[in-house]
Structure formats: C-alpha cells, structure tokens
Amino acid sequence: MERTFTEQEIVRREKVEAIREVCNPYPDRYEVSHTLKEARTLLDETKNVSIAGRIIFMRKMGKLSFIRIRDLEGDMQLEFKIDTVGEENYNFFKKQIDTGDFIGAKGEIFTTQTGEKTLRVQSFVFLGKALRPLPEKFHGLADQEIKYRQRYVDLIMNEDSRKVFLGRSKFYNFLHKYLAEHGFLQVETPIIQTAVCGASAKPFYTHHNALDLDCNLRIAPETYLKQCIAAGFNRVYEVSKCFRNEGMDSEHLQEFTQVEWYASYWNYEDNIKFYTGFIKELLMELVGTTKIEYQDLTLDFGKETWDRINYCEEMEKVLGFDFLSIEEPSILKEKIIAAGIFTDEELADYKSLSQIIDFVYKKKIRANIVDPTIIYNYPSVLIPLARRNDEDPRRIDVFQVVAAGTELCKAYSELVNPLEQREAFEGQLKAKLQGDEETMDLDEDFLLAMEQGMPPISGLGFGIDRLMMLIYNVSSVRDVVLFPLMKPKE
C-alpha cells in the first residue's frame, strides 16, 4: 500500500535535498565537549563549549534567533546571531532547520537577563533531519498509543517519562554496585528451559528444532541460582527476563524483569535486614528521600523497624478456623463459603489449596496494607521450594514485603533437603491433577544438584517493574517498561 505524507512531511523531505547541496544531512559523528547537563553548570564566558542535541523549540527572528535542544538528562538554550555565525550559515539555519532535527553547536556560555544559561553559537553543524514533526505539545502526549508504541516520541516530549526511565537506568547501576560491595557475584542462567520450576505460574512453551525438544521459557531463575550455590558461589544474583503466560493488568505483563539473589549461610531474617537496608539506600540514591508519594498515599520506608504480620495467624482470624489442617480443596472452599467470606462463584477459578489460600490472602489481607509491612510465617503448601519450619512443617520460613497493597519482594530460607524437596514437588503434581495450571514440574536436574549437597541458603526475588511503579508513582506497569508488547494495529 502506497504511503501518503502530510504537508509537513513533504516539506521536510524536500529540505533533505536542499541540505544535501550544502552538507551531508546525516553525518557520521560530532565531537562533544559537554553533555547539556554539564554545560548548564559552566561559568559564564567559558569558551569552546561543544554540545549537541535534538531541537525541541525554535524562535526564528530577523538577525537573532533562539532554539532549545534536549538530550535525556537536560536541555539548553542556544543563541544564533547573524553577525556571529555569518549570513550564509544563518540563512541556512532559518530556511532548512526544523524542530525535531539534530544539531551540534560550539560557542561561549553566558546567562541572559532572564537568568537562562545559554550557549552563544559561534559555529554549528547539522547532524540529522527529522522527516516527521514532533507532536503538538498538549495533544500528542495524551495519546497512550504514541506513549507505548512510539516510546521515543514519549521520551522526547514527556519529562515525567524521561525521569522514570533515567531512574530505571540509575537503578541498575546502584543494584550492581550495592550487591558487588556486599560480596555478590552476577551470573546468567538459561531463558529456554526443560522444566517449569521456580515459581507458580503458567509458562510459555516453545520447541527447540535442533534438539527436537519441547521447552518452556523461564518463569524464574531460582533453581539454577541455587545450583550455583551448590557449585561454590556463596553469594550470587541475576537480573533476569522472565515470562509468565497469564492475564494482563496494571501491575502485570507477560514479560517482566526481576532480580533474585541468594546467600549461603543466611536465613530469611538475614534477608529482611539486607533488603530493608538496600531499599533505604536505593530510595536515597534515586529520589533523595525514604518517604515517597504513591497514589495519594505517603509510604515511609525509612522507619527503623517495619510493621510485621504473621500470615498464618492473620488468615486464621479472617477465616475463623484452622485452615492448615485441611488437605482437600473442596472442604476448604465449603468452609469459606459457609463462613460467608466468599461465594462459590468467586472461588470457582481456584482449584488447589494453594490457589484458594492465596486468593483469600490477597483479597482480605494484602489489599488492606498501606505502610511497608513484612508478612511472614506462610503455609508450606504455597511454596514448594521454601524451608519447612522446624516446629511446624505445615509452615515455611518465608517473608514478603507489601506496601500500598502490592507485593514488593518475596524471600525465604531455602529448602535444601532433597528428600523433602521431592515430596514438595510430588505435592505439586497432585495440585496439577486437581486442575491447578500454575504448579511446578518435578525437576530432576535440580534434585540431583541438591543431592550433591547445599549449605543453608536464603534467597530473595523482586520485580523491577513494580518497584519502579512505586518509586515514581505511576499507575500502570506499561509506564515503566520502555517497549511493552502491544497488539498490532488492525
């Protein structure tokens, strides 16, 4: 199908040919002495300052014009005078250069009477023609399709988006530095796997043609990272792309990024101390405060001691009976319905004990939590990879951090007993037969590593996307993912 162009697009394409008569409209490089952020800090009369960026604003006048250029971290005003750059260059600037184009300029720093740090341009180089105009300032940014399908336009026009994604990049720098300083080594584990393990989720399946092997995409890196512990990596972590073929909402996408770290000789209490310290330092690094605003709530992560909720005890209060003693999903459903907590229709989609318990917890406990809170003492049926409590094997040594009704991390003392682990995997197979499609496979390779011997371990995992939502106060996970998957336009 032949493409049609707007009037502005036609004019810009004609300008490319006019520019080509003077210079290459798409040159290969330009020597920059300062970023725009750096240039704004320079003293007046600093000479030979060379900067570059995209033009976002132009005010062309007779013999004096101003433009504003931008990069990811800053913007700056440039002054063009006909007497300084020369009449021929000035006319070229006025006729052929548009907003959206790239330009490099060299000159002297000064401050205008209105207090605007500015570069007095002595020479400039054209660096790239934009064939499409930027959207109108107050209309284009409101279009969600542009934001998600054309993130580059969103970042050009939207300061809030630039703040989020610059912050996300700074997060990675902080994470690697912080973990390295505490003795953690970064590794990479497979995305294409042969067993669904590490979390309760529906996987994506694929086929490996060369090996003629059915595989799944990683839902979590957990079992491989624990194998690293068995191999002698006492502290190990990974920033991993994970894939779960489940529903989409404001907090979930099928492809997401998470961090998992594991430490030999720790238990989950050690991880509580480490995570709370990590979050406090991270917030100071990214936003300069441990108190953040999220969806009209003020969340204080700076408290010396965070609130705690005992999962099993709180669930017993909600349900009014000893739910840990129940082994059949149908009986648990009947008792919940009889107590008037949920209807049969509301519970219809939940088949196994773990699904039913988790649904009640999320609706009746997690949803009501505002301040950063540590939830601990979980039922063992929920997590087959966690260490059973020494006093009551129906419970596991697990904690989550919840704030504003959302889960920020999950961590536990790891199960390292291969006999108990096999029993837990067999329980997953039972749940699968009951209709739970989010159960784990019995992973023989992982059990083989456990049989080789593992030290005490505690591990922790958290989704980066959800954490960024909280820190930067955005309501949709798509606003913190650079290129979220979108349904193709019809």
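Above this text sits the structure in question.
Residues numbered from 1 in each chain as written. Predicted model: local features only at pLDDT ≥ 70, side-chain atom pairs only at ≥ 80, totals over all residues. Heavy atoms only, no water.

Draft legend 1. Looking closely at the environment of arginine 366. By the element assignment, arginine 366 lies in the loop between α13 (353–364) and β15 (373–379). With relative accessibility at 13%, the residue arginine 366 sits in the buried group. Spatially, the C-alpha atoms of arginine 366 and alanine 404 are 8.6 Å apart, while their sequence positions differ by 38 residues. Sequence-distant contacts of arginine 366, defined by excluding residues within four places in its chain, comprise Tyr361, Val402, Gly405 and Glu407. (Helix = DSSP H or I, 4+ residues; strand = E, 2+ residues; numbered from the N terminus. Buried < 20%, exposed > 50% of the residue type's maximum accessible area, 1.4 Å probe, protein only. Contact = heavy atoms within 4.5 Å.)

Draft legend 2. Fine view of unusual backbone geometry. One non-glycine residue, glutamate 45, lies in positive phi territory at about 75 degrees. Of note, aspartate 212 is a non-glycine position whose phi angle comes to about 50 degrees, a positive value. Residue classification places aspartate 212 among the exposed residues on the basis of a relative accessible area of 60%.

Draft legend 3. Inspection of the side chain of serine 264 at higher detail. Inspection of the secondary structure assignment puts serine 264 in strand β11 (residues 255–264). Since its relative accessible area comes to 5%, serine 264 is described here as buried. Residues in contact with serine 264, not counting those within four places in the same chain, are Ile229, Phe233, Asn234, Pro455, Pro456 and Ile457.

Draft legend 4. Layout of the sheet that holds strand β4 (residues 102–111). On the basis of which strands lie adjacent, the closed barrel formed by five strands has the order β1-β2-β3-β5-β4 and mixed pairing. Averaged over all pairs of adjacent strands, the angle between their axes in this sheet comes to 55 degrees, without regard to strand direction. Pairing analysis gives three bridges linking strand β3 (residues 75–81) to strand β5 (residues 117–128), with the strands arranged parallel. Counterpart to leucine 78 in the pairing with β5 is leucine 119. (Pairing = 2+ DSSP bridges. Axes fitted to C-alpha atoms, helices over the stretch in contact; angles between N-to-C directions.)

Draft legend 5. Quick look at the pattern of salt bridges. Counting across every chain of the model gives 35 salt bridges. Between glutamate 73 and lysine 37 there is a salt bridge; the shortest N-O distance is 3.6 Å. With a gap of 36 residues between them, glutamate 73 in the loop between β2 (64–70) and β3 and lysine 37 in helix α2 (residues 36–39) connect regions that are remote in the sequence. Assessed through its relative accessible area of 43%, glutamate 73 is described here as partly exposed. (Salt bridge = Lys/Arg side-chain N within 4 Å of Asp/Glu carboxyl O.)

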